[in-house]
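These are the residues of each chain, in order.
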Amino acid sequence: MNKNAITLALLATVVAPAMAQSTVSVSGIADAGLRSVSNSGLASVRSMVSGANATSRLVIRGTEDLGNGNSAGFHLEHGLALTNGTAASSTQFWDRRSTVSLASKTAGELRLGRDFVPSYSNWSRYDPFSHVGAASAGNFVSATPTGPIRSAFGSNGNTTVRANSAFQYLLPGGLGGLEGGLMLTAAGARSAADGQNKVTGLRLGWAGGPMGVSAASTTTENDLTTSGRFTDRALGASYDLGMVRVSAVVRQFKQAGAKQTNQLIGAWIPVGQGEIKASWQRADLAGQVGATVIDANDARQIGLGYVHNLSRRTALYTTYSRITNSGASVRVVPGGTSGMAAGGTSKGFEAGVRHNF
Amino acid sequence: MNKNAITLALLATVVAPAMAQSTVSVSGIADAGLRSVSNSGLASVRSMVSGANATSRLVIRGTEDLGNGNSAGFHLEHGLALTNGTAASSTQFWDRRSTVSLASKTAGELRLGRDFVPSYSNWSRYDPFSHVGAASAGNFVSATPTGPIRSAFGSNGNTTVRANSAFQYLLPGGLGGLEGGLMLTAAGARSAADGQNKVTGLRLGWAGGPMGVSAASTTTENDLTTSGRFTDRALGASYDLGMVRVSAVVRQFKQAGAKQTNQLIGAWIPVGQGEIKASWQRADLAGQVGATVIDANDARQIGLGYVHNLSRRTALYTTYSRITNSGASVRVVPGGTSGMAAGGTSKGFEAGVRHNF
Amino acid sequence: MNKNAITLALLATVVAPAMAQSTVSVSGIADAGLRSVSNSGLASVRSMVSGANATSRLVIRGTEDLGNGNSAGFHLEHGLALTNGTAASSTQFWDRRSTVSLASKTAGELRLGRDFVPSYSNWSRYDPFSHVGAASAGNFVSATPTGPIRSAFGSNGNTTVRANSAFQYLLPGGLGGLEGGLMLTAAGARSAADGQNKVTGLRLGWAGGPMGVSAASTTTENDLTTSGRFTDRALGASYDLGMVRVSAVVRQFKQAGAKQTNQLIGAWIPVGQGEIKASWQRADLAGQVGATVIDANDARQIGLGYVHNLSRRTALYTTYSRITNSGASVRVVPGGTSGMAAGGTSKGFEAGVRHNF
């Protein structure tokens, strides 16, 4: 008994310094691979890419138990390019998330700071490729082509993925599968450079058994480039059939007379210690920007991938994708030779390793 | 006995990796809130702010026991804006502190690198709002108005808060309440951009029972903008009456013919698990810069706040402040509409959450 | 028995949070000192310097055991200036290394990302001053003078130290002292700014008993500035005589008609708990760049230093170095007054503290 007491006393002494650390965790993802991109009529290009399966990142976060089911927490998340060691954003080091939270198991969470907008979150959960890699949905969510996104933000930071200075309320667990939240940003002092915009967003979903369904709407007012509103709505569902999990999601961006509708059908197929992933996507533009009619500038993308898990934390992966453009559309898999002609086809192939730490 | 030995052996094995880490700690502060600022004659502005109770930051530091009361240590401290994930300084990532130290319990500490200047440290300890938030003393320590600070540094980095390339000696504890130190910077290769200046500083204080008193002087030579000296002196005292702790501090900046004297009276009143904070400040300009007489450009600020501790690490807070300007002075609470007329009044109100991790 | 079981159960609970952290380590180096540089005919300059014994840095890394002698790992390494808290590179935060690895004890390691080029690694191990401080070999590896390095890269990032987007294979241990590896970079999308170049490199060495010998070759194609190849070869050896360890290494840079050959003889002499270090170096230029003949622009450097270990992690150090230039050469110890005349002499002296954490 005494000896055990001594053991415990020693334990307390020895473990103390580590315990003082225990509420702060340092984690992240290191992901790098090789990609080859071939744009029609142009030389194909091979390059090393970072984060083709999951964005390379460093996460520092922690929570504090306040008792009675309440907690406080913070989350700092830095995106980086493993290829050359640069920050993913040249101006926002903690570009992926920077928040402080107060949470209650019964009343939900208040969260302040930079985070994903509801519509983005509502898309990415239904996308087998999660907005990254050769088959990224991000290939169709760009401010480069003339359309509602460019029209609303120009080349300034946009809110199709994240928003700054956001106040969020998130529903607690235990509501019978109901989940979601709302986002408001206090954009009093707007800055074009860092994508400061006034955002109002809402997300509501339900998950039960093999099924999940959810909807989100995000509205942005940005009077730096235009006085109109930018709306971003997403509706999706998924069903797990066991042998395959399937999903469908649609996301619509609108600004003044321009509209872009992205649709995706996705599938995840478990095979042994790996998983096959497939997606079919379409970007449908409609209306006009100023005098430019954009209806014909559509694009389609297929993505096919395989992820082989070496452990719970480390995987090898490979992805193939192909983008087919119509009209003036020149959407491409990133990394190819620039200058593809309108209506061209872009193909990407990549293979890499992703390590969660 | 044997079983305990096994327990300890297991313990040693299991704890080893954590112990290797135990000398480096990752800590910091995540602080965000909402602020409303109303400048006289202009529309009020609401925004989300970072670090209104304490600057949001990430700290990586550690010490090594060298035996015989000696130790080595390092301290890296990065300021950040929780609102948008940017570094507080676009050029100096570890803007708050970057030092290496050798210390002895009896002989004191040698510290090399970037750190607070003595005069700043000697002010902030007597300021209930510690140079941050709506009622920050920083509202009166700015290089924008014509006065000694602008005259000495222009819009280059200044030494009113920190200095680069500093060599410091700090007194050890156990001197009967005496504390302090000196700072010298080796500014051979001066750079305007990062505030490299030649600094000589000294701080000396005494604390005993409920009372503390201290004085500091910091002199900067900056031949990038001017050949004159910039002097920054601070003298303060505090007394803890139990029901309230009160303080008084005066800080004087001088450069050529211009002088600015800041005065503060502060109070901290414990109430239950919280604390009321109050400060009254005055900035008194005198003399002239070139042909411009600055005597009339004074300002006053009152600050009133309440901090409610949810735990030792997490707090809710609220602050009200009001700045009254005279003459050509246009000092404001940060975050309002710009362009207030000379002599106007600026009011700020904020509420937020601060989480130490 | 039961009590021990309880002890272990408690242990498991208590240690768990730390264990979740145990695979990620946060470490680094904090190094600062004072340096005086005297360039012939000019005023001497004293300044504080960071990393004169070892570059100040923050390292976040970890490995995961995949079983059967296999492992996955990552390594993020950020260089910094302790003097003012800036990142060592303004664009590449993780400038020193950013890699993900798969390794096998018998088959070796695959490593993807930014890392040292083989020729650099093959020089630095034979250099007592490891490319840092007043006696740095880096004083002779600069893109400033007209020569093969400038000719190949201009003022863009060069590959004399590291390369981006590199694929490496490294030999495993247990090959009877044989070690080495190869590097290939996939530089499809080349960027001048971050030193993106197409690199092919190889290193092969053997170490046994007191002796080590190794050779490396790195070839860079950079069509941003020139269509020619830049070759960088290094051959070195060291021998530990017990009272002194001696080394000799030669490194040759070639580009079109220009050639630079650096030679070094080094020595490490253990004395008590410290070490004396000495190096003699020569940079020999030959050939021409365009119409400019560079043969006469040679330089020599001697370095003499002492490192006194206060512990395994912390040391005091001092270094003296002198550079003698010939012809148009104006190589200098960093930190002095600029504008030294061609053929001048530059002397540096420094003393500081280095703390590994």
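Cut-offs and rules
- Residues numbered from 1 in each chain as written.
- Chains lettered and ligands numbered in written order.
- Predicted model: local features only at pLDDT ≥ 70, side-chain atom pairs only at ≥ 80, totals over all residues.
- Heavy atoms only, no water.
- Helix = DSSP H or I, 4+ residues; strand = E, 2+ residues; numbered from the N terminus.
- Buried < 20%, exposed > 50% of the residue type's maximum accessible area, 1.4 Å probe, protein only.
- Areas by Shrake-Rupley, 256 points an atom, 1.4 Å probe, with all protein chains shown as cover.
- Polar contact = N/O pair within 3.5 Å; in protein donor to acceptor, adjacent residues only side chain to side chain.
- Contact = heavy atoms within 4.5 Å.
- Pairing = 2+ DSSP bridges.
- Patch = residues over 30% accessible without salt bridge, like charges linked within 9 Å, V, L, I, M, F, W, Y side chains within 5 Å.
- Salt bridge = Lys/Arg side-chain N within 4 Å of Asp/Glu carboxyl O.
- Core = buried A, V, L, I, M, F, W, Y, C linked by side-chain atoms within 4.5 Å.
- 1 Å grid on protein atoms, 1.4 Å probe; cavity = no way out; pocket = protein on both sides within 12 Å on 5 of 7 lines; lining within 4 Å.
- Points joined across faces, edges and corners; volume = space filled by probe spheres on them.
- Nonpolar A, V, L, I, M, F, W, Y, C, P; charged D, E, K, R; others polar.

This part is about the overall build of chain A. Helix and strand counts for chain A stand at three helices and 18 strands. Out of the 357 residues belonging to chain A, those deemed buried represent 52%. Carbon and sulfur atoms make up 57% of the accessible area of chain A, which totals about 14,100 Å².

Turning next to the side chain of N164(C). Its place among the elements puts N164(C) in strand β7 (residues 162-170). Classification of N164(C) by relative accessible area gives buried; the value is 1%.

All names here are of chain B. The residue N39 is located in strand β1 (residues 24-39) in this model. A distance of 2.6 Å separates the side chain of N39 from the side chain of S346, its partner in a polar contact. What N39 contacts, discounting residues up to four positions off in sequence, is V332, G336, T337, M340, T345 and S346.

The next point concerns the environment of H308(A). Residue and element names in this part refer to chain A. Turning to its location among the elements, H308 is positioned in strand β16 (residues 299-309). Residue class for H308 comes out partly exposed when judged on its relative accessible area of 26%. Sequence separation between H308 and E275 is 33 residues; the distance between their C-alpha atoms is 6.6 Å. Sequence-distant contacts of H308, that is, excluding residues within four places in its chain, are made with Q273, G274, T314, A315 and L316. Here the side chain of H308 touches Y306 through a polar contact of 2.8 Å, side chain to side chain.

A few words now on the pairing of strand β1 (residues 24-39) of chain C. Residues and elements named next belong to chain C. Judged by how many residues are buried, β1 sits mostly within the fold: twelve of 16 residues are covered. Across six bridges, β1 lies against strand β3 (residues 57-67) in antiparallel orientation. What sits directly across from V26, in β3, is I60. Taken together, the eleven bridges between β1 and strand β18 (residues 345-356) define a ladder with antiparallel strand orientation.

All names here are of chain A. Nonpolar side chains collect at one region of the surface, where L175, L178, L204, W206, M211, V213, Y239, L241 and V246 lie side by side and expose about 750 Å² of accessible area between them. Those elements that provide at least two residues to the nonpolar patch are β9 (198-208) and β10 (211-221). Tracing the backbone shows L178 in strand β8 (residues 178-185). With relative accessibility at 37%, the residue L178 sits in the partly exposed group.

If you look at the biggest cluster of nonpolar residues, it comprises 63 residues, and the most contacted ones within it are V26(A), I60(A), V26(B), I60(B), V26(C) and I60(C). Not counting the four nearest positions on each side in its chain, I60(C) is found in contact with V26(A), L58(A), V24(C), S25(C), V26(C), F74(C), H75(C), L76(C) and W94(C).

Pairing between side chains becomes possible if they bear opposite charge and their charged atoms approach one another. Within this structure, the stated rule accounts for 27 salt bridges over all chains. Across the salt bridge formed by R35(B) and E350(B), the nearest N and O atoms sit 2.8 Å from each other. Taken as a pair, R35(B) in strand β1 and E350(B) in strand β18 (residues 345-356) lie far apart in primary sequence, 315 residues in all. Residue class for R35(B) comes out buried when judged on its relative accessible area of 8%. Across the salt bridge formed by E77(C) and R96(C), the nearest N and O atoms sit 2.8 Å from each other.

What follows covers empty space enclosed by the protein. In this structure the tally under the stated criterion is five cavities of 30 Å³ or more. Each pocket or cavity is described by its volume, and for the second largest cavity that value is around 60 Å³. Around the second largest cavity sit L58(A), I60(A), F93(A), W94(A), L58(B), I60(B), F93(B), W94(B), L58(C), I60(C), F93(C) and W94(C), which together line it. Elements that contribute at least two residues to the lining of the second largest cavity include exactly β3 (57-67) of chain A, β3 (57-67) of chain B together with β3 of chain C. Tallied by class, the residues present in the lining of the second largest cavity amount to twelve nonpolar, no polar and no charged.

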